[in-house]
Amino acid sequence: MVISSSSRQLFKSGKGMRFSKKFSLGHCAHNLASCNSAPFVGSFPFNLKKLSPRFELLCSCRGLHFSKETTRSVLTKLSPQEVDSILRANEYTHEFTGENSVKSYDSNQLPSNNPIEDTRSEASCLLTKGFMVGVFDGHGGGACAQVVAKRLFNYIMACLLPQDSLMQYVSSLPPGQYAKPPDLIETFNDKVQFVEDVRGIYERSFIDFLRELAKEEPKQNFDMSKAIERAFLRLDEDLSKEAMPKDDKLNMKTLTVALSGAVSCITHIDGAHLHVANVGDCCAVLGSLSETNTWVAKKLTEEHNTYNQAELERIYAAHPAQEKQTVIKMDRLLGQLAPLRAMGDFRFKWDKEIMSELVVKNFGEQMVPPNYHTPPYLSTRPDVTHYKLTARDKFLIIASDGLWDCLTPLQAVRLVGEHMKGKVTLSPLKLPRKNMTLSEINDMLLQRKEGLKIKPRDSNAATHIIRHALGGTEYGIDHTKIAQLLTLPEDVVRVFRDDITVTIVYFDTEFLRHCPA
């Protein structure tokens, strides 16, 4: 692709947009299972009139058209209060009581798509002491991400239950019936509700899975990573089965979910044990303090895309040598899909017979990716990482790639660490316990005085880092920059930023300090 000299200036570091790893000039098809993602992401003061004709041609190829109305909309100014209202519209905070390693969490979302394709989910395990958090980034629509976010934690919980607890739970279900099973998790900030007919299908699939698990022989050595992996694979398998016609009747709702897709990053925290499971290009980063009290970012996930050499080699090894030139094209799977692992997206997984009988008959030949010779091409198997938390580990950031396109892991960790220090100034001073010495109170006052220098605008840390991702500069927040990005019209906004979803989990330092090995 050739860019004019005037446009080339816009792309320079610090002033121009930068290409996202999801961008592909050749990927311009728009259909039900389109794997379209943000072409490139940027955050800078811009003027659409200065973009080159080739850039406009590129956007036109993507279905984006510039007009006088578009330019006027971009130049609309928002007041600081209006910016705050938009950034805080979806924020959520939850604090926990009782003895556990998780103290609280902050979460927020900023949509780019309408409706947003990202989904988040948080839940406590009712039969164990575990806490789960997930971020799910949909493509081809948000249907698959919403369904996976709503169902995956129950599948994980079922796989984690001891055999005696599982058998007791299954025995409480009405025999031979598919009544709604008792809750295994308590969800927070859950805004997704399934329609009745789909909810019944999903409940039957889950009960069948529970009964299969209950019939298995107890395992001598429990493997947490394998249990989480099994939950991912079984849910994906159920999504495929549910999309198949029943009695020659096709359920378009379940088929739509199967043809769309989602990448997922979830974490399970129980005491000092942290497990992270990742499929796709969401990312989890641990924020820790070093022995010199500087912030350290520990990345716990690896993205499954063409920038991951091991992932590329896995793909090449799974297919004949003659497909090496076609299996990855333009940094995408079969020239279409950016993530190399995902849930759903069965038009990259089903065999040719199913594709012909189910997909082509209902949606046409264009739904079959080019060079579709040896499926499956897409994997759902997650990478699962175990990490032992210590008192130096302060928080965990899980976010969709919309955030990581704008911030590095270390930048995000430093922003949250800075927010922790300054947040104490947002509320009146309260002594944490009785009978504090004057020396201890003096230390608190000195700490508060230091915090006043970096007093944040937002009480929610997820909002804080989203604000910096959009408008952060080396001199602070640029309001004009944020206002311009938030006033982009729907047909242009995806050129400059993706959906952003962020959840930050805070750890209880004292609990981890005294947590038994």
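Cut-off values and rules
- Residues numbered from 1 in each chain as written.
- Predicted model: local features only at pLDDT ≥ 70, side-chain atom pairs only at ≥ 80, totals over all residues.
- Heavy atoms only, no water.
- Helix = DSSP H or I, 4+ residues; strand = E, 2+ residues; numbered from the N terminus.
- Contact = heavy atoms within 4.5 Å.
- Pairing = 2+ DSSP bridges.
- Axes fitted to C-alpha atoms, helices over the stretch in contact; angles between N-to-C directions.
- Expected span 1.5 Å × (residues − 1).
- Buried < 20%, exposed > 50% of the residue type's maximum accessible area, 1.4 Å probe, protein only.
- Bend = angle between axes of the 7 residues up to and from the residue.
- Polar contact = N/O pair within 3.5 Å; in protein donor to acceptor, adjacent residues only side chain to side chain.
- Salt bridge = Lys/Arg side-chain N within 4 Å of Asp/Glu carboxyl O.
- Parallel < 35°, antiparallel > 145°, perpendicular 65-115°, else oblique.
- Left-handed = near helix turned anticlockwise from the far one by under 90°.
- Nonpolar A, V, L, I, M, F, W, Y, C, P; charged D, E, K, R; others polar.

Draft legend 1. Inspection of the environment of Val 170 at higher detail. Within the secondary structure layout, Val 170 lies in helix α6 (residues 163-171). Considered as a pair, Val 170 and Leu 213 are 43 residues apart in the sequence and their alpha carbons are 9.4 Å apart. Among residues more than four places away in sequence, those in contact with Val 170 are Leu 210, Arg 211 and Ala 214.

Draft legend 2. Molecular detail of the sheet that holds strand β16 (residues 393-399). Across the sheet, which stays open at both edges, the six strands sit in the order β3-β4-β19-β16-β10-β11 with antiparallel pairing between neighbours. Each having just a single partner strand, β3 (92-95) and β11 (295-299) make up the two edges of the open sheet. Recorded for the sheet is a direction-independent mean angle of 15° between the axes of neighbouring strands. Note that strand β4 (residues 102-110) and strand β19 (residues 500-507) share eight bridges and pair antiparallel. Following the sheet pairing, Ser 104 is matched in β19 by Tyr 506. Across the sheet, helix α16 (residues 461-471) touches β4, β16 and β19, and the angle it forms with β19 is around 135°.

Draft legend 3. Local environment of helix α14 (residues 409-423). When the terminal C-alpha atoms of α14 are compared, their 21 Å separation across 15 residues agrees well with the 21 Å that a helix rising 1.5 Å per residue should span. Those residues of α14 that sit buried are Ala 412, Val 413, Leu 415, Val 416, Gly 417, His 419 and Gly 422.

Draft legend 4. Geometry of helix α5 (residues 143-160). The terminal C-alpha atoms of α5, which comprises 18 residues, lie 27 Å apart, in line with the 26 Å expected from a rise of 1.5 Å per residue. At Arg 151, α5 shows its largest bend, some 35°. Extensive coverage of α5 is indicated by the burial of 14 of its 18 residues.

Draft legend 5. Up close: the side chain of Asn 278. On the secondary structure map, Asn 278 appears in strand β9 (residues 273-279). In terms of polar contacts, Asn 278 uses its side chain to reach the backbone carbonyl oxygen of Glu 302, at 3.2 Å.

Draft legend 6. Looking closely at the pattern of salt bridges. This structure, assessed with the given rule, holds 22 salt bridges. Between Glu 311 and Arg 341 there is a salt bridge, and its shortest N-O distance comes to 2.8 Å. Remark: Arg 341 occurs in the loop between β13 (332-333) and β14 (343-344) and Glu 311 occurs in helix α10 (residues 309-317); sequence separation between them is 30 residues. Here the two residues Glu 311 and Arg 341 agree in accessibility, since each one is buried. Arg 494 is the salt-bridge partner of Asp 498, the closest N and O atoms lying 3.8 Å from each other. When sorted by exposure, Asp 498 lands in the same class as Arg 494, which is buried. By sharing partners, the salt bridges in this structure join Asp 84, Arg 88, Arg 457, Asp 458 and Arg 467 into a single network.

Draft legend 7. Broad picture of the packing of helix α4 (residues 80-87) against α16. Axis separation between α4 and α16 bottoms out at 11 Å; the angle between their running directions is 120°. Taken together, the axes of α4 and α16 lie oblique to each other. As α4 runs across α16, the sense of the crossing is right-handed. In contact with Val 83, Asp 84 and Leu 87 of α4, α16 contributes Thr 463, Ile 466, Arg 467 and Leu 470. Class assignment of the residues belonging to the contact of α4 with α16 gives a composition of four nonpolar, one polar and two charged.

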